[in-house]
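The primary structure of each chain is shown beneath.
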Amino acid sequence: MTPFELELSRDGRATTIHVTGELDVASAPALRACVVSVLEQGQRRVIMDLAKLEFVDSTGLGALVGARKRVRESGGELVLTNPLPQTLKLLELTGLNAVFMII
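A few points on the structure. (Residues numbered from 1 in each chain as written. Predicted model: local features only at pLDDT ≥ 70, side-chain atom pairs only at ≥ 80, totals over all residues. Heavy atoms only, no water.)

With that out of the way, let us pick up the pairing of strand β4 (residues 77-81). The side chains of a regular strand alternate, residue by residue, between the two faces of the sheet. Burial of β4 is extensive: 4 of the 5 residues sit out of reach of the surface. Where strand β3 (residues 45-56) lies against β4, 5 bridges are found, and the strand directions are parallel. When the sheet's bridge partners are listed, Met48 is paired in β4 with Leu80. Between the parallel pair β3 and β4, the chain is carried across by helix α2 (residues 58-73), and the sense of this crossover is right-handed. Sheet topology places β4 next to strand β5 (residues 101-102); 2 bridges connect them, and they run parallel. Residue Val79 lies in a different strand from β5, and its bridge partner there is Met101. (Buried < 20%, exposed > 50% of the residue type's maximum accessible area, 1.4 Å probe, protein only. Helix = DSSP H or I, 4+ residues; strand = E, 2+ residues; numbered from the N terminus. Pairing = 2+ DSSP bridges. Right-handed = clockwise from strand over helix to strand, strands pointing away.)

This is the structure:
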């Protein structure tokens, strides 16, 4: 099991949150806090790179939905990138693939 980590990278147009490990009841608050911090810094385009996200539970899905809501309420957009097959399948099974922009 890979430890949960969040790493930020920025370019002139967006902030990318690189998510590693398991997004679950224990780690979801850290993701929420990270998104709030990014928005407080004035960033409105947020990319969440899920290439190293190995597991998501229902609380983790809730954190992703909450992140999308917060970003949209601030006038921005949230994009999910590089989901692993199991993450993409979960998003499809829950219908969230129709809610999120996934590239």
